[in-house]
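Each chain, letter by letter, is given below.
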Amino acid sequence: MRLAFFGPPGAGKGTQAKRLAAHHDFTHVSTGDLFREAIHDQTALGEQVDGLLKAGQLVPDDVTNAVVAEKLEALGYERFVLDGFPRTVEQARWLLAHLAEHDAPLDAVISLRVPHEDLVGRLSRRRTDPETGSIYHLDFNPPPADVPAERLVHRPDDQPDAVRHRLGVYDDETAPVEAVLRAHVRFFEVDGTGPLDEVQERVGEAIAEDRGLSGI
Ligand code: ADP
Ligand code: ADP
C-alpha cells in the first residue's frame, strides 16, 4: 500500500505517519527529515537547502523530486507513507507521473484538517528528539521524564516569524495541490483536532474504508 499525508505545517502529518509506520510496517518518507539529515551530514544537498529550510522557504521542485525518486526507488515503490510531499502542483504532477511509470500508484491520500489558528501554537511548542526522531508538544504530547531536556530541539523554522511565513507558503503553493490529488487519488479528509490517539483512530478508519485493515 502506498499512502501520502497532506495538510499544513503542524497538522500532525509526521506524528501520524510515524504511528502508521510503526504499527503497520510502512516506511515513513518525510522530505523535511531527509533535508534535515543532509544538513546534519553536511552533504552538498545539505549545504544547498540549509538557508531555505531556516527561512521556511520551499526547496526547488527538481531538487526535491530527485530526493524522493531516490528514496522511493530504494524502497522498491512499496509500503511507504509520504509526509510533506508533494507540496507544489508541479511536485504532485511529477509524483503521479513517476508512480504511474513504475506501475505503483498511490492508494490513498489522507488530508489532516486543522484550523490555521491552532497551527502556530502547535509549531511554537513542538520539540523534536534528533536521536529517536520523536515529535513532542510541550503541552499536548510532552516528552517523557527520562528524555533529557537538552537533547530536544526547537526547530529554527518553528520560531513565530518563520511559522507565519510557512503558513503563507502553504496557502499559496501547497493548498492548490489538493485539487490535483483529488482528481487522481482516493482522498480522505480526517479531522486532525483532538487527542493524538483519536486522530490516529480516524486515520485508521479512513484506511480501513479504503482497503480493509487486514489489507494494509
Ligand atoms: P506536521 O508534520 O504536519 O508539521 P507534526 O506531526 O510535527 O506536524 O505535529 C506538529 C506539532 O503538533 C507537534 O508538536 C505535535 O506533537 C503536535 N500535535 C500533533 N498532533 C496533535 C494533536 N492531535 N493535538 C495537538 N497537538 C498535536
Ligand atoms: P512541517 O512538518 O512543519 O510541515 P517539514 O519538516 O515537512 O515541515 O519541512 C520543513 C522544510 O523542509 C520546509 O519548510 C521546506 O523548506 C523543506 N521541505 C520539506 N518538504 C518539501 C517539499 N516537498 N518541497 C520543498 N521543500 C520542502
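Residues numbered from 1 in each chain as written. Chains lettered and ligands numbered in written order. Predicted model: local features only at pLDDT ≥ 70, side-chain atom pairs only at ≥ 80, totals over all residues. Heavy atoms only, no water.

In the nomenclature of an unreviewed UniProt entry, the protein chain is known as Adenylate kinase of Rubrivirga litoralis. Quoted straight from UniProt, the Function (unreviewed entry) entry for the protein chain says "Catalyzes the reversible transfer of the terminal phosphate group between ATP and AMP. Plays an important role in cellular energy homeostasis and in adenine nucleotide metabolism." Note on the protein chain: under the UniProt heading Subcellular location (unreviewed entry), the record states "Cytoplasm". (UniProt positions renumbered as here; feature names shortened; annotations may be inferred.)

Caption draft 1: Quick peek at the UniProt feature "binding site: AMP" (unreviewed entry) in the protein chain. Mapped onto the present numbering, the UniProt feature "binding site: AMP" (unreviewed entry) falls on Thr31, Arg36, Gln57, Leu58, Val59, Gly84, Phe85, Pro86, Arg87, Gln91, Arg155 and Arg166. A maximum C-alpha distance of 24.6 Å is found for the annotated residues, which run over 136 residues; spatially they are spread out rather than grouped. Following the sequence through the fold, Gln57 ends up in the loop between α3 (44–55) and α4 (61–74). Of the residues examined, Gln57 reaches a relative accessible area of 40% and is grouped as partly exposed. In contact with Gln57, other than residues within four places in its own chain, are Leu52 and His165. Turning to its location among the elements, Leu58 is positioned in the loop between α3 and α4. Setting aside residues up to four positions removed in sequence, Leu58 forms contacts with Leu52, Arg87, Thr88, Val169 and Glu173. (Helix = DSSP H or I, 4+ residues; strand = E, 2+ residues; numbered from the N terminus. Buried < 20%, exposed > 50% of the residue type's maximum accessible area, 1.4 Å probe, protein only. Contact = heavy atoms within 4.5 Å.)

Caption draft 2: Representation of helix α1 (residues 13–24) within the structure. For α1, with 12 residues, the first-to-last C-alpha span of 16 Å sits near the 16 Å given by 1.5 Å per residue. Every buried residue belonging to α1 is among Lys13, Gly14, Thr15, Gln16, Ala17, Arg19, Leu20 and Ala21, and all of these are buried. Considering only its buried residues, α1 is in contact with β1 (2–6), β2 (27–30), β3 (80–83), β4 (108–113), β6 (135–137) and α9 (196–211). Phi turns positive, to about 60°, at Asp25, one or two residues after α1. (Expected span 1.5 Å × (residues − 1).)

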